[in-house]
Amino acid sequence: MSNKTFYMTDLEKLEVGEAPMPKVGPDDVMIKVQSVGVCGSDLHYYHTGSIGNFIVKPPFILGHEAAGIIEEVGENVKNLKPGDRVCMEPGVPCMKCEECLTGHYNLCKDVKFWATPPYDGVLSEHISHPAAFTFKIPDNMSFTEGALVEPLAIGLHACNTGNVKLGQTVVIVGAGCIGLVTLLAAKAYGATRIIVGDVLDKRLEKARELGAITVNTKDDDLVKKVMELTEGRGADVCIDCAGFSATVDACLSAAKPAGMVVIVGLGADRVDGFNTSMMSVKELTVKSIFRYRNLYPTAINAIADGRINVGAIVSHRFKFDDTIDAFATCHKDIRNVVKGVIEY
Ligand SMILES: NC(=O)c1ccc[n+]([C@@H]2O[C@H](COP(=O)([O-])OP(=O)(O)OC[C@H]3O[C@@H](n4cnc5c(N)ncnc54)[C@H](O)[C@@H]3O)[C@@H](O)[C@H]2O)c1
Ligand SMILES: [Zn+2]
Ligand SMILES: [Zn+2]
């Protein structure tokens, strides 16, 4: 059997090749991939070759948001069978360290996460994965919705961490994929007013389509708008999904007294001008998140039930054979691409 695969061979360069067929261990399943989302992190590796200390050594396989069909199961696997439609949690933790054993498996230092060097991603025809991190999706859910369970889990974790509740006002800064799934999650958790800031009109248009009030922070002052809308009190929860000093600062400023700020963005290693006195005077709670844990079943149920229309964030669909074009377009046409997916 052939296993067509797209390799990143240099900066902004992908080439098609053949990977060996993956081995299926006793606790693993083999999956025929059907859909892969193009994530901001894939595009960052594509463009710069690294994220922090994770450095791409070509040839490297990108892609970590994936869904497909089970082709084969290892001898110990009882809960999945060939033909099952599934999506996969891309990080496989060690399950031995203190973080894993205390339930924070997303913080495992030895996690093997797809498309995070040195671990390859999934832009192949066939991949193998532990059954424990492979989840059935129902027939009424598309493979692309299955692939988007991954980013949605981040949005759910952000809103859980921020304790987003019915009737609240939530501010989200950054309307990329992560900001938009956070908006969907906040709506599902009952937020009644969601204010989204970004600098790209297409993304703001999408946020409006999904029910948000939007502010283009190039032209207008987000904090002023939040204060106008909340009679000067500020928002219950502000979530940074951009990762810059200015966006974190906007979250701190837009939060109400005793409010909550959640930092999701990973752009800035250091935030300049972190206003600690404003934080103290308002007695804000500032939290952060890293990926997600135990949220795939929640995300799958919410999509299958129609409560979260995660497919609505997709703006561009590409065929697997056109993966090279998919990356070039998603990277270059940032003004128009909200979220790209590769469908096999
Ligand atoms: N904590 C985690 O586990 C986790 C997981 C995934 C992604 N992230 C991070 O979340 C952030 C968002 O990810 P993404 O994939 O959506 O990225 P993205 O680049 O697609 O989206 C970021 C958005 O922020 C907007 N932005 C930039 N400067 C702004 C400003 N001054 N005001 C308002 N908006 C501004 C951009 O226009 C863009 O639309 C990134 O920093 C990413 O690294 C964190
Ligand atoms: Zn992703
Ligand atoms: Zn561990």
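Summary of the structure given here. Predicted, not measured: the structure shown is a model, and the values here were computed from it.

**Some points on the side chain of Q168**
- Tracing the backbone shows Q168 in the loop between α4 (149-161) and β12 (169-173).
- A polar side-chain atom of Q168 sits 2.7 Å from the main-chain amide nitrogen of K165.
- Those residues in contact with Q168 that lie beyond four places of it in its chain are N163, G190, A191, T192, R193, D236 and V237.

**Regarding the coordination of the zinc ion (ligand 2)**
- Around the zinc ion (ligand 2), the donor atoms from the protein are C39 (SG), H64 (NE2) and E65 (OE), and they sit 2.2 to 2.5 Å away.
- Coordination of the zinc ion (ligand 2) draws on donor residues from a single chain, spaced C-x24-H-E in sequence.
- Since its relative accessible area comes to 5%, H64 is described here as buried.
- According to the relative accessible area criterion, E65 is buried, its value standing at 1%.

**Some details on the nonpolar core**
- Formed by 54 residues in total, the largest nonpolar core has its most connected members in L183, V196 and I239.
- Mapped by element, the contributors of at least two residues to this core are α4, β12, α5 (177-188), β13 (193-198), α6 (201-209), β15 (235-240), β16 (255-263) and α10 (296-304).
- Counting only domains with at least three residues in this core, you end up with domain 1 (4-148 + 314-343) and domain 2 (154-288).
- Counting residues in each nonpolar core, the second largest holds 36 residues, with M8, I31, V122 and L123 among its members.

**A look at the pattern of salt bridges**
- Under the defined criterion, the tally for this structure stands at 9 salt bridges.
- Note that E15 is salt-bridged to K13, the shortest N-O span being 3.7 Å.
- With a relative accessible area of 35%, E15 lands in the partly exposed category.
- Here E209 ties to K206 by a salt bridge, and the two come within 3.3 Å at their closest N and O atoms. In this pair, E209 and K206 both sit in helix α6, 3 residues apart, roughly one turn of the helix.
- Judged by its relative accessible area of 10%, K206 falls in the buried class.
- By sharing partners, the salt bridges in this structure join K81, D84 and K136 into a single network.

**What about the site of ligand 1?**
- As a matter of local geometry, ligand 1 sits amid 24 residues, with D198, R203, V264, L266 and R291 nearest to it.
- Here an oxygen atom of ligand 1 sits 2.6 Å away from a polar atom, N or O, in the side chain of D198.
- Within the backbone of A242, one N or O atom sits 3.3 Å away from an oxygen atom of ligand 1.
- The protein chains hide 78% of the 860 Å² of surface that ligand 1 would expose on its own.
- At the level of secondary structure, the elements contributing two or more residues to the shell around ligand 1 comprise α5 and β13.
- In the shell around ligand 1, the residues fall into 13 nonpolar, 8 polar and 3 charged.

**Brief notes about the sheet that holds β15**
- The strand order across the open sheet formed by 6 strands is β14-β13-β12-β15-β16-β17, and the pairing between neighbours is parallel. Two strands lie at the open edges of the sheet, namely β14 (213-216) and β17 (285-288), each paired on one side alone. Across the sheet, the mean angle from the axis of one strand to that of its neighbour is 20°, orientation sign disregarded.
- Of the pairings in the sheet, the one linking β12 to β15 comprises 4 bridges and is parallel in character. Within β15, the residue paired with I172 across the bridge is I239.
- In this fold α6 packs onto β13 and β14, with an angle of close to 165° to the strand it touches most, β14.

**Details of the coordination of the zinc ion (ligand 3)**
- Surrounding the zinc ion (ligand 3) are the protein donor atoms C94 (SG), C97 (SG), C100 (SG) and C108 (SG), at 2.3 to 2.4 Å.
- Coordination at the zinc ion (ligand 3) is tetrahedral: its 4 donor atoms span angles of 103 to 118° at the metal.
- Mapping the donors of the zinc ion (ligand 3) onto the primary sequence gives the spacing C-x2-C-x2-C-x7-C.
- The buried category is assigned to C100, whose relative accessible area is 7%.
- Exposure remark for C108: the relative accessible area of 4% places this residue in the buried category.

Parameters and conventions
Residues numbered from 1 in each chain as written. Chains lettered and ligands numbered in written order. Predicted model: local features only at pLDDT ≥ 70, side-chain atom pairs only at ≥ 80, totals over all residues. Heavy atoms only, no water. Helix = DSSP H or I, 4+ residues; strand = E, 2+ residues; numbered from the N terminus. Polar contact = N/O pair within 3.5 Å; in protein donor to acceptor, adjacent residues only side chain to side chain. Contact = heavy atoms within 4.5 Å. Donors = N, O, S within 2.8 Å, 3.2 Å for Na, K, Ca; no water. Buried < 20%, exposed > 50% of the residue type's maximum accessible area, 1.4 Å probe, protein only. Core = buried A, V, L, I, M, F, W, Y, C linked by side-chain atoms within 4.5 Å. Domains from an automatic or database assignment. Salt bridge = Lys/Arg side-chain N within 4 Å of Asp/Glu carboxyl O. Near = heavy atom within 4 Å. Areas by Shrake-Rupley, 256 points an atom, 1.4 Å probe, with all protein chains shown as cover. Nonpolar A, V, L, I, M, F, W, Y, C, P; charged D, E, K, R; others polar. Pairing = 2+ DSSP bridges. Axes fitted to C-alpha atoms, helices over the stretch in contact; angles between N-to-C directions. Tetrahedral: all angles 85-135°; square planar, octahedral: opposite > 155°, others 65-115°.

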